[in-house]
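Summary of the model geometry
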Amino acid sequence: MMLAMKGNSRAAVVLAGAGVIALLAGCSGAGGTTTGAPSTSSSAEIGAASSFSVSMPPATPAYPDTPEGDLDKWAAGQGLTVNDLYEGSPAAYVQDICESMSNQQSSGTEPGEWLAVAQKPDADETAILRQGMPKLCPKWSRTALDALKGDYVHTYSDGTFTVKSEPGTDAEAIAPGRYRTTGQLQDCYWERTSRSGEILANQFATAAQEITVVIRSSDGFFTSRSCGTWKPVG
């Protein structure tokens, strides 16, 4: 009896072991949970999800509802730009020109001439000034717009200038007319010469406070040395 019981026990153990193996095999099948590497199809799905991105449209700049904002928006729409000094704001450029023209007048310089000759706005800046000056700088709007067309008060200091009926933006040309220089003038010399170089009139002033010269259309050149700034009169 003892031997028979031992034989039956061995059979039970074998059957139990087979059941465990079958159970483990079933867990690795469909519907079971595994701790092994994911299947090829699962890996592809994860890779596709990780590489998916959403393309967002570029943010549209917000412009304040002000004359400055309107100018900046208009310039952006036209593709116009200004110097990086103004951080991309055409309105800041116009305001700087406006303040500078007042400063130039205070120092005795003609604002229109300063804008046209010293600043020489490029095509973008010219368009921005034409659009922005009337609203942002009405005080100097007309002077600036005229200067951009070459119509401004020309002044002259030291040098020899060719007499032309329409000098335009030629800094080395002077139009016929009456000119005057004022201030504490010392050792001022000026002369009018013909086209062939003949001296028509001249003057040397050791000291003076005001000197007036009339340049004629038939003159060839006008020369000035140490006479300050000549401005047209009348």
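This report concerns the structure included in the present document. (Residues numbered from 1 in each chain as written. Predicted model: local features only at pLDDT ≥ 70, side-chain atom pairs only at ≥ 80, totals over all residues. Heavy atoms only, no water.)

1. Observations regarding the packing of helix H4 (residues 90-106) against helix H5 (residues 111-119)
Test applied: As a rule, the C-alpha atoms of each element are fitted with a line to give its axis, helices using only the stretch in contact, and angles between N-to-C directions run from 0 to 180 degrees. Going along the chain from the N terminus, every DSSP run of H or I of four or more residues is numbered as a helix, and every run of E of two or more is numbered as a strand. What makes a crossing left-handed is the near helix being turned counterclockwise from the far one by less than a right angle; a clockwise turn instead makes it right-handed. What makes two residues a contact is simply this: any of their non-hydrogen atoms within 4.5 Å.
Relative orientation of the contacting elements H4 and H5 amounts to 115°, with a least axis distance of 9 Å. The chirality of how H4 crosses H5 is right-handed. Here Ile-97, Ser-100, Met-101, Gln-104 and Gln-105 of H4 lie close against H5, whose contacting residues are Pro-111, Gly-112, Trp-114, Leu-115 and Gln-119.

2. Concerning the pattern of salt bridges
Spelled out, the test is: We define a salt bridge as a side-chain nitrogen of Lys or Arg found within 4 Å of a carboxyl oxygen belonging to Asp or Glu. Partly exposed describes any residue whose relative accessible area lies between the buried limit of under 20% and the exposed limit of over 50%, with all areas from a 1.4 Å probe on protein chains only and scaled to the type maximum.
Under the definition given, this model contains five salt bridges. Between Asp-146 and Lys-149 there is a salt bridge whose closest N-O contact spans 3.8 Å. Relative accessible area serves as the criterion here: at 17%, Asp-146 is assigned to the buried category. One network of salt bridges, in which partners are shared, links Arg-142, Asp-146 and Lys-149.

3. Notes on the side chain of Thr-155
Using the following cut-off: The definition of a polar contact used here is a pair of N or O atoms within 3.5 Å, where within protein one atom must be able to donate a hydrogen and the other to accept one, and adjacent residues in sequence count solely through side-chain atom pairs.
One can find Thr-155 in the loop between helix H7 (138-148) and strand E1 (159-163). Side chain to side chain, Thr-155 and Glu-113 meet in a polar contact 2.5 Å long. When residues no more than four places from it in sequence are discounted, the contact partners of Thr-155 are Glu-110, Glu-113, Thr-229, Trp-230 and Lys-231.

4. A closer look at unusual backbone geometry
Of note, Glu-87 is a non-glycine position whose phi angle comes to about 50°, a positive value. As for its position among the elements, Glu-87 is in the loop between helix H3 (67-78) and H4. The phi dihedral of Asp-187 falls on the positive side, at around 55°, and the residue is not glycine. Of note, Asp-187 is situated in strand E3 (residues 177-193). By relative accessible area, which is 44% here, Asp-187 ends up partly exposed.

5. Structural notes on the packing of H4 against H7
Here is the rule we go by: An angle below 35 degrees is treated as roughly parallel, one above 145 as roughly antiparallel, one from 65 to 115 as roughly perpendicular, and anything else as oblique.
The contact between H4 and H7 brings their axes to 10 Å, and the two run at 80°. Classified by the angle between their axes, H4 and H7 sit roughly perpendicular to one another. Of the residues in H7, those touching H4 at Cys-98, Met-101, Ser-102 and Gln-105 are Lys-139, Trp-140, Thr-143 and Ala-144.

6. Here we look at the pairing of strand E5 (residues 221-225)
Side chains on a regular strand alternate between the two faces of the sheet. Short version of the rule: If DSSP finds at least two bridges between two strands, the strands pair.
In this sheet, E5 lies alongside E1 in antiparallel orientation, the contact comprising four bridges. If you follow Thr-162 over to E5, its bridge partner there is Phe-221.

7. Considerations on the layout of surface pockets
Threshold: In this analysis a 1.4 Å probe is tested at points of a 1 Å grid over the protein atoms alone, and where it fits but cannot get out there is a cavity; an open set with protein on both sides within 12 Å along at least five of seven lines is a pocket; lining residues have an atom within 4 Å of a point. Grid points are joined across faces, edges and corners, and a volume is the space filled by probe spheres set on the points. Each residue is assigned to one class: nonpolar for Ala, Val, Leu, Ile, Met, Phe, Trp, Tyr, Cys and Pro, charged for Asp, Glu, Lys and Arg, and polar for all the others, Gly among them.
Roughly 250 Å³ of internal volume is contained in the largest pocket. In terms of lining, the largest pocket is formed by 17 residues, of which the most central are Glu-113, Thr-155, Tyr-156, Ser-157 and Ala-171. A breakdown of the residues in the lining of the largest pocket according to their chemical character gives five nonpolar, seven polar and five charged.

8. Details of the environment of Gln-203
By the secondary structure assignment, Gln-203 is in strand E4 (residues 199-215). Through-space distance from the C-alpha of Gln-203 to that of Val-213 is 9.8 Å; in sequence the pair is 10 residues apart. If near-sequence neighbours (up to four positions away) are discounted, Gln-203 is found in contact with Cys-188, Tyr-189, Trp-190 and Ile-211. In this structure the side chain of Gln-203 is engaged in a polar contact, spanning 2.8 Å, whose partner is the side chain of Trp-190.

9. Brief notes about the nonpolar core
Heads up, the condition is: Remark: nonpolar core denotes a set of buried residues (Ala, Val, Leu, Ile, Met, Phe, Trp, Tyr, Cys) joined through side-chain atoms within 4.5 Å.
One finds Tyr-93, Val-94, Leu-115, Leu-129 and Met-133 to be the most contacted residues of the largest nonpolar core, which totals 25 residues. Of all elements in the fold, only H3, H4, H5, helix H6 (123-136) and H7 reach the threshold of two or more residues within this core. It is H4 that contributes the most residues to this core, six residues altogether. Excluding residues that lie within four positions of it along the chain, Leu-115 makes contacts with Ile-97, Lys-120, Pro-121, Leu-129, Ala-144, Ala-147 and Leu-148. Ala-175, Leu-185, Trp-190 and Ile-211 belong to the second-largest nonpolar core, a separate cluster that totals 17 residues.

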